[in-house]
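A structural walkthrough
Here is how the chains run, residue by residue.
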Amino acid sequence: MNYQKNDILTVTIEDMGHDGEGIGKADGYTLFVKDAVIGDVIEAKIMKAKKNYAYARLMRILEPSPHRVEPVCPMARPCGGCQLQMMDYQEQLRFKQKKIEDNLRRIGGFEQIPMEPILGMEQPFRYRNKAQFPVGTDKEGNLVTGFYAGRTHDIINNRNCYLGVEENRQVLDVVLGWMEKYGVSAYDEKTGTGLVRHILIRYGFKTGEMMVCLVINGERVPKQEALVERLREISGMTSITTSTNQERTNVIMGSKIRTLWGTPYISDYIGEVKYQISPLSFYQVNPVQTEKLYGTALEYAGLDGNETVWDLYCGIGTISLFLAQKAKKVYGVEIVPAAIEDAGRNAELNGITNAEFFVGKAEEVLPEMYAKGEARADVIVVDPPRKGCDAALLETVVKMQPERIVYVSCDSATLARDLKWLCAEGYELKRVRGVDMFPMTGHVETVCLLSNRKSKPDTHVDLTLDMEDYYRIKD
Ligand code: SAH
């Protein structure tokens, strides 16, 4: 059957893609439909047709899924921030758990999966400690702020995002009120003119400290005192800064930070470890779940205080410092120099003296140190970006023969590929647990424990798996 653009098909949604889009089949032809939920029977209109699949738009729900709920946020459908709000939270968790299991089975080839129940949130809204609101002007010339619509840079006017803290709205009201009163312009991406580009807000869940950073297309803001005076009235306000970004780019933050009032950072805690967070620092956005994620990694690492641990892809050293409290020595490796500076400073701030950090590619730093006889480990932790671990890194990890490997992953497809390889090299998958760091979105984190069998099975697995196969159906 040949389908084309604008054809309308009736499908039952049976699965969900990476970005939370519903997936259904009509005569073996696959449709990806945004806003459709597993279990829905829908009418969908084809927007973009390929040979074996199409992207389609949800036109009508013929029979709603039993898991369909009314989104809490009235902007949920047009907004690009949430994909799963119309799905019952328990069903979201079930879906994420299944996604991990399916990937381990299909890509990893695992039959018995030692899966533990996914760690969800009690309150799956208002969990983000960071928000970046773009500022613009609508057709009538009014100032607007909110979020980009899915796949575009059109701003959806919404000062009350349900993933962020309630205080965000107060900050946005103050900043936009100040802009209106003093005629401060919003940045226009098309012309590269106008001043205020983004409003970054960070909130320390444990400390109650709040940061506002205005990203501006210029060096200074006019009527600075008036802005500061009103922002200071917001409870918890600790840090008011500007970041200059005069580039015509999608990168939000500029590198130059100026403090208008207070400190150039706020503080917050993960467990007992204190962090100083500046406008440019990377910091996990869901602090409640981060504690569960790192707690699981710590439990899996099984430390008794005598271990040497390597934490690869360590970022600002959050996992390293968490583990350092229970290990003899922790070494962290990370590619971004500024993150390593933060890691060192955070170690000092907490009086942690048994953590050491290296800047560089994990797949270069570790093999080099191993070759020099300077890298040995009882436990190795990896927390790579979506593409997973580099082959050279995994090879060195196996040569080092740690007792345990703890793999923290934000993409269970590449995780499954890497686990398959590690298990063919003599490791055994002992424990797997999902952690829902981003409720209402399609993402899920996974923590795994591998233990050393001390013998290598008679198999070999090729790491050059074509991941494209798993993300898309090929034409
Ligand atoms: N473990 C940290 C961050 C994990 S995110 C935390 O929990 O906060 C993955 C990190 O890997 C990012 O900080 C990224 O900058 C870093 N990274 C990406 N490629 C890398 C490479 N080849 N070598 C080392 N680090 C890398």
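Residues numbered from 1 in each chain as written. Predicted model: local features only at pLDDT ≥ 70, side-chain atom pairs only at ≥ 80, totals over all residues. Heavy atoms only, no water.

A look at the site of the ligand
- Near the ligand lie 17 residues; those nearest to it are Tyr294, Thr318, Glu334, Ala362 and Asp383.
- Within the contact set of the ligand, an oxygen atom lies 3.2 Å away from a side-chain nitrogen or oxygen of glutamine 284.
- Within the backbone of tyrosine 313, a nitrogen or oxygen atom sits 3.2 Å from a nitrogen atom of the ligand.
- Here the ligand, which alone exposes 570 Å², has 85% of that area covered by the protein.
- Of all the secondary-structure elements, those providing two or more residues to the shell around the ligand are helix H5 (318-324) and helix H7 (362-371). (Near = heavy atom within 4 Å. Polar contact = N/O pair within 3.5 Å; in protein donor to acceptor, adjacent residues only side chain to side chain. Areas by Shrake-Rupley, 256 points an atom, 1.4 Å probe, with all protein chains shown as cover. Helix = DSSP H or I, 4+ residues; strand = E, 2+ residues; numbered from the N terminus.)

With respect to the sheet that holds strand S9 (residues 155-157)
- The seven strands are arranged S9-S8-S7-S10-S11-S12-S13 in an open sheet whose pairing can be described as mixed. Of all the strands in the sheet, just S9 and strand S13 (256-262) have a single pairing partner and so form its edges. Strand-to-strand twist in this sheet, taken as the mean axis angle between neighbours without regard to direction, amounts to 35°.
- The pairing of strand S11 (residues 210-216) with strand S12 (residues 237-244) spans seven bridges and is parallel. Looking across to S12, one finds that cysteine 213 is bridged to threonine 241. (Pairing = 2+ DSSP bridges. Axes fitted to C-alpha atoms, helices over the stretch in contact; angles between N-to-C directions.)

Points about the pattern of salt bridges
- Taken as a whole and assessed by the stated rule, the structure comprises 20 salt bridges.
- A salt bridge links arginine 159 to aspartate 173; the nearest nitrogen and oxygen atoms lie 2.8 Å apart. Taken together, the positions of arginine 159 in the loop between S9 and helix H2 (167-182) and aspartate 173 in helix H2 put the pair 14 residues apart, joining distant regions of the chain.
- Judged by relative accessible area, which is 25%, arginine 159 ranks as partly exposed.
- Of the residues examined, aspartate 173 reaches a relative accessible area of 35% and is grouped as partly exposed. (Salt bridge = Lys/Arg side-chain N within 4 Å of Asp/Glu carboxyl O. Buried < 20%, exposed > 50% of the residue type's maximum accessible area, 1.4 Å probe, protein only.)

Here we look at the packing of aromatic side chains
- Counted according to the given criterion, the structure contains 11 aromatic pairs.
- Between the aromatic rings of tyrosine 3 and tyrosine 29, the centroid separation amounts to 5.0 Å while the plane-to-plane angle is 45°, which identifies the pairing as tilted. Of the two residues, tyrosine 3 sits in the segment before strand S1 (8-16) while tyrosine 29 sits in strand S3 (residues 29-33), which places them 26 residues apart along the sequence. Note on accessibility: tyrosine 3 and tyrosine 29 belong to one class, buried.
- Pairing tyrosine 275 with tyrosine 283 gives two aromatic rings, centres 5.7 Å apart and planes at 55°, and the pair type is tilted.
- The buried category is assigned to tyrosine 283, whose relative accessible area is 5%.
- Grouping aromatic residues by their ring pairs yields a cluster made of Phe32, Tyr53 and Tyr55.
- The ring of tyrosine 187 carries the charged tip of arginine 197 above its face, separated from the ring centre by 4.1 Å. (Phe/Tyr/Trp six-rings, centres within 6.5 Å; stacked < 30°, edge-to-face > 60°. Lys NZ or Arg CZ within 6 Å of the ring centre and 35° of its normal.)

Here we look at the domain arrangement of the chain
- For the chain, the domain assignment lists domain 1 (1-68), domain 2 (102-121 + 286-471) and domain 3 (130-270).
- A straight line from the C-alpha centre of domain 1 to that of domain 3 covers 38 Å. (Domains from an automatic or database assignment.)

A closer look at unusual backbone geometry
- Phi is positive for aspartate 35, which is not a glycine, with a value near 75°.
- Mapped onto the secondary structure, aspartate 35 falls in the loop between S3 and strand S4 (41-49).
- The exposure class of aspartate 35 is buried, given its relative accessible area of 14%.
- One non-glycine residue, arginine 126, lies in the positive phi region at around 55°.
- One can find arginine 126 in the loop between strand S6 (115-119) and strand S7 (130-137).

Some remarks on the sheet that holds S1
- One closed barrel holds the five strands; their spatial order is S1-S2-S3-S5-S4, and the pairing between them is mixed. For this sheet the average axis-to-axis angle between neighbouring strands, irrespective of direction, equals 50°.
- Pairing of S3 with strand S5 (residues 53-63) involves four bridges; the strand directions are parallel. When the sheet's bridge partners are listed, threonine 30 is paired in S5 with tyrosine 53.

Notes on the nonpolar core
- Formed by 130 residues in total, the largest nonpolar core has its most connected members in Val171, Trp178, Ile199, Trp310, Leu312 and Val406.
- With eight residues, helix H9 (residues 412-424) is the single largest residue contributor to this core.
- Formed jointly, this core draws a minimum of three residues from each of two domains, domain 2 (102-121 + 286-471) and domain 3 (130-270).
- Counting residues in each nonpolar core, the second largest holds 22 residues, with Ala44, Ile46, Ala56 and Met86 among its members. (Core = buried A, V, L, I, M, F, W, Y, C linked by side-chain atoms within 4.5 Å.)

Some thoughts on the environment of glycine 28
- Structurally, the position occupied by glycine 28 is in the loop between strand S2 (22-26) and S3.
- Here the alpha-carbon distance between glycine 28 and asparagine 52, two residues 24 residues apart in the chain, equals 8.2 Å.

Topic: the environment of leucine 422
- One can find leucine 422 in helix H9.
- Given the relative accessible area of 1%, leucine 422 is considered buried.
- Once the C-alpha coordinates of leucine 422 and glutamate 395 are considered, the two residues, 27 residues apart in sequence, prove to be 8.8 Å apart.
- Setting aside residues up to four positions removed in sequence, leucine 422 forms contacts with Leu394, Val398, Ile405, Tyr427 and Leu450. (Contact = heavy atoms within 4.5 Å.)

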